[in-house]
Amino acid sequence: MPLFMDHHEKVEGLTAQAVAEAHRKDLETLGEYGVNYIKYWFDEGSGQVWCLVDAPDSEAAMTVHREAHGLVADDLTEVQEGA
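Residues numbered from 1 in each chain as written. Predicted model: local features only at pLDDT ≥ 70, side-chain atom pairs only at ≥ 80, totals over all residues. Heavy atoms only, no water.

Turning next to the overall build of the chain. Within the chain one finds 2 helices and 4 strands. In summary, the chain has a C-alpha radius of gyration of 12 Å against a globular reference of 12 Å for 83 residues, a match within 12%. Viewed in the frame of its principal axes, the chain has a C-alpha envelope of about 35 × 30 × 20 Å. A buried classification covers 35% of the 83 residues belonging to the chain. Summed over its atoms, the accessible surface of the chain is roughly 4,900 Å², and 49% of this surface lies on carbon and sulfur atoms. Across the chain, the centroid of the 5 positively charged side chains sits 7 Å from that of the 17 negatively charged ones. (Helix = DSSP H or I, 4+ residues; strand = E, 2+ residues; numbered from the N terminus. Rg over C-alpha atoms; globule rule 2.2 N^0.38 Å. Buried < 20%, exposed > 50% of the residue type's maximum accessible area, 1.4 Å probe, protein only. Areas by Shrake-Rupley, 256 points an atom, 1.4 Å probe, with all protein chains shown as cover. Lys, Arg positive; Asp, Glu negative; His and termini not counted. Charge placed at Lys NZ, Arg CZ, Asp CG, Glu CD.)

Structure representation (structure tokens):
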């Protein structure tokens, strides 16, 4: 299954707690789309968030964010894991 990295460029009011809650909502929603949100990274100061997701396609990955909490990524790139 393809692996994607998404990027949210400016999430207003971003806090560690808010990102954790959004990720929790993703985990509640992802099963019906064959998606697995694996890990996320964030920077509170800039409001940026990156999410690593295993998904059948980019649309499925975006749909989970849209339905779970509405914070759709600004861009989504298919990536390959390196050593």
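Below, the discussion takes up helix 1 (residues 16–29). Look at helix 1: 20 Å from first C-alpha to last across 14 residues, which is about the 20 Å you get at 1.5 Å a residue. Listed in full, the buried residues belonging to helix 1 are V19, A22, H23, D26 and T29. The buried residues of helix 1 occupy one face: seen down the axis, they fall within an arc of 120°. Projecting away from the buried face of helix 1 at angles above 90 degrees are the exposed residues Q17 and E28. Structurally, helix 1 contributes buried residues whose contacts are with strand 2 (36–43), strand 3 (48–54) and helix 2 (58–68). (Expected span 1.5 Å × (residues − 1). Arc of directions from axis to C-beta. Contact = heavy atoms within 4.5 Å.)

This part covers the packing of helix 1 against helix 2. Contact pair helix 1 / helix 2: the axes reach a minimum separation of 9 Å and the direction vectors enclose 115°. Remark: the crossing between helix 1 and helix 2 carries right-handed chirality. When helix 1 is examined against helix 2, the residues K25, D26 and T29 are found in contact with a partner set consisting of V64, H65, E67 and A68. Residues that form the contact of helix 1 with helix 2 fall into these classes: 2 nonpolar, 2 polar and 3 charged. (Axes fitted to C-alpha atoms, helices over the stretch in contact; angles between N-to-C directions. Left-handed = near helix turned anticlockwise from the far one by under 90°. Nonpolar A, V, L, I, M, F, W, Y, C, P; charged D, E, K, R; others polar.)

If you walk through the whole model with that rule in mind, you get 3 salt bridges. Note that E21 and R24 form a salt bridge whose closest N and O atoms lie 2.3 Å from each other. Linking E21 with R24, this pair stays in helix 1, spanning 3 residues, or about one helical turn. Of the residues examined, R24 reaches a relative accessible area of 36% and is grouped as partly exposed. (Salt bridge = Lys/Arg side-chain N within 4 Å of Asp/Glu carboxyl O.)

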